[in-house]
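Below are the chains, spelled out letter by letter.
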Amino acid sequence: TYILERDTIKQIKEKTEAIKKAISSLNKKIEDVKALKNELQKFNDIKVALEQLIKTDDAKEVGTEDASKALNNNKVNENSTLEEITKATKALQEAKAALELKISKAQEKAKQEFETKKEQLKTLIGSSDANNVDKNNELSIFGNTNITNSDSIKQIKEKITKIQDALESLTNKISKQKEQ
């Protein structure tokens, strides 16, 4: 659009209005591209976070099928629409939250099982039946086997096994002592 010397004021105003509309349209397209890039970045961030979570021992312990399925079913690229990217991002966020919840519940269950087994060992160590047996190894296991918030499910299960082995060992010692 050019303004010529022979253009009337009305024509100049019309051309100016057309330029304003073109600028507005261009600005909207720029904003749309920015929004698309931002949403695509959000998608890529959540995708990477979910992929990393799937690789953890805790995730493998509780199962990653649903999360892997979400990754496979929600693929986007720079040619995808904003709506497609937003929908895929939401699906991956939900899959990540669901996997985190499964991990959290499994950790809590393992911690409760650990505490139960440790309490059983404590009770057996303190029982009158255990007074006349060598329980130094079991006392050491009882005192030195603890869990922390950073322990993986696998680590907690290993510690449960250690406590269970100590329980069985002390139970066998008590049985042998009673037989004599």
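Rules used throughout
Residues numbered from 1 in each chain as written. Predicted model: local features only at pLDDT ≥ 70, side-chain atom pairs only at ≥ 80, totals over all residues. Heavy atoms only, no water. pLDDT = per-residue confidence, 0-100. Helix = DSSP H or I, 4+ residues; strand = E, 2+ residues; numbered from the N terminus. Expected span 1.5 Å × (residues − 1). Buried < 20%, exposed > 50% of the residue type's maximum accessible area, 1.4 Å probe, protein only. Contact = heavy atoms within 4.5 Å. Salt bridge = Lys/Arg side-chain N within 4 Å of Asp/Glu carboxyl O. Phe/Tyr/Trp six-rings, centres within 6.5 Å; stacked < 30°, edge-to-face > 60°. Lys NZ or Arg CZ within 6 Å of the ring centre and 35° of its normal. Axes fitted to C-alpha atoms, helices over the stretch in contact; angles between N-to-C directions. Parallel < 35°, antiparallel > 145°, perpendicular 65-115°, else oblique. Left-handed = near helix turned anticlockwise from the far one by under 90°. Polar contact = N/O pair within 3.5 Å; in protein donor to acceptor, adjacent residues only side chain to side chain. Core = buried A, V, L, I, M, F, W, Y, C linked by side-chain atoms within 4.5 Å.

Quick look at the confidence of the model for the chain
Here the chain averages 94 in pLDDT, while 100% of its residues score no lower than 70. The weakest mean pLDDT in the chain belongs to helix H1 (residues 9-54) at 94; the strongest belongs to helix H3 (residues 65-73) at 97.

Notes on H1
Note: α-helices contain 3.6 residues per turn, so residues at a spacing of three or four share the same orientation. Given a rise of 1.5 Å per residue, 46 residues ought to cover 68 Å, and the 67 Å separating the end C-alpha atoms of H1 matches this to within 8%. Buried within H1 are the following residues: Glu39, Leu40, Phe43, Ile46, Leu50, Leu53 and Ile54. Tucked into the core, H1 has its buried residues touching helix H2 (57-62), H3 and helix H4 (82-126).

Some thoughts on the pattern of salt bridges
Tallied over the full model, the rule gives 11 salt bridges. With a closest N to O distance of 2.7 Å, Lys96 and Glu100 form a salt bridge. Pair noted here: Lys96 and Glu100 are both in helix H4, with a separation of four residues, about one helical turn. Relative accessible area serves as the criterion here: at 36%, Glu100 is assigned to the partly exposed category. Here Lys159 ties to Asp151 by a salt bridge, and the two come within 2.8 Å at their closest N and O atoms. When its relative accessible area of 21% is taken as the criterion, Lys159 is described as partly exposed. Since its relative accessible area comes to 8%, Asp151 is described here as buried.

Remarks on the packing of aromatic side chains
The geometry of an aromatic ring pair is captured by two quantities: the separation of the ring centres and the angle between the planes. Taken as a whole, this structure holds zero aromatic pairs when the rule is applied. One Lys or Arg, Lys118, reaches over the ring of Phe142 and ends 5.0 Å from the middle of that ring.

Details of the packing of H1 against H4
The angle between the axes and the distance between the axes are what describe a pair of packed helices. At their nearest, the axes of H1 and H4 sit 9 Å apart, and the two run at 25° to each other. By the criterion of interaxial angle, the relationship of H1 to H4 is roughly parallel. The two elements H1 and H4 cross, and the hand of that crossing is left-handed. Together, Ala35, Leu36, Glu39, Leu40, Lys42, Phe43, Ile46, Lys47, Ala49, Leu50, Leu53 and Ile54 of H1 and Leu82, Ile85, Thr86, Ala88, Thr89, Leu92, Gln93, Ala95, Lys96, Leu99, Glu100 and Ile103 of H4 make up the contact between the two elements.

Thoughts on the environment of Gln107
Structurally, Gln107 can be placed in helix H4. In this structure Gln107 comes out as buried when scored by relative accessible area, which is 18%. A C-alpha to C-alpha distance of 5.4 Å links Gln107 and Ile153, two positions 46 residues apart in sequence. For Gln107, the residues in contact, after removing those within four places along its chain, are Asp58, Asp151, Ile153 and Ile156. In terms of polar contacts, Gln107 uses its side chain to reach the side chain of Asp58, at 2.8 Å.

Quick notes on the nonpolar core
In this structure, Phe43, Leu50, Ile54, Val76, Leu92, Leu99 and Ile103 are the most contacted members of the largest nonpolar core, which totals 18 residues. Every element with two or more residues in this core is listed here: H1, H3 and H4. Grouped together as the second largest cluster of nonpolar side chains are 15 residues, Ala110, Ala166, Leu167 and Ile174 included.

Side note on the side chain of Glu39
Considering the arrangement of structural elements, one finds Glu39 in helix H1. Apart from residues lying up to four places away in sequence, Glu39 is in contact with Leu82, Ile85, Thr86 and Thr89.

A look at the environment of Thr171
Relative to the assigned elements, Thr171 resides in helix H6 (residues 153-179). By relative accessible area, Thr171 is classed as partly exposed at 37%. Linking Thr171 and Leu124, residues 47 residues apart in sequence, is a C-alpha distance of 7.9 Å.

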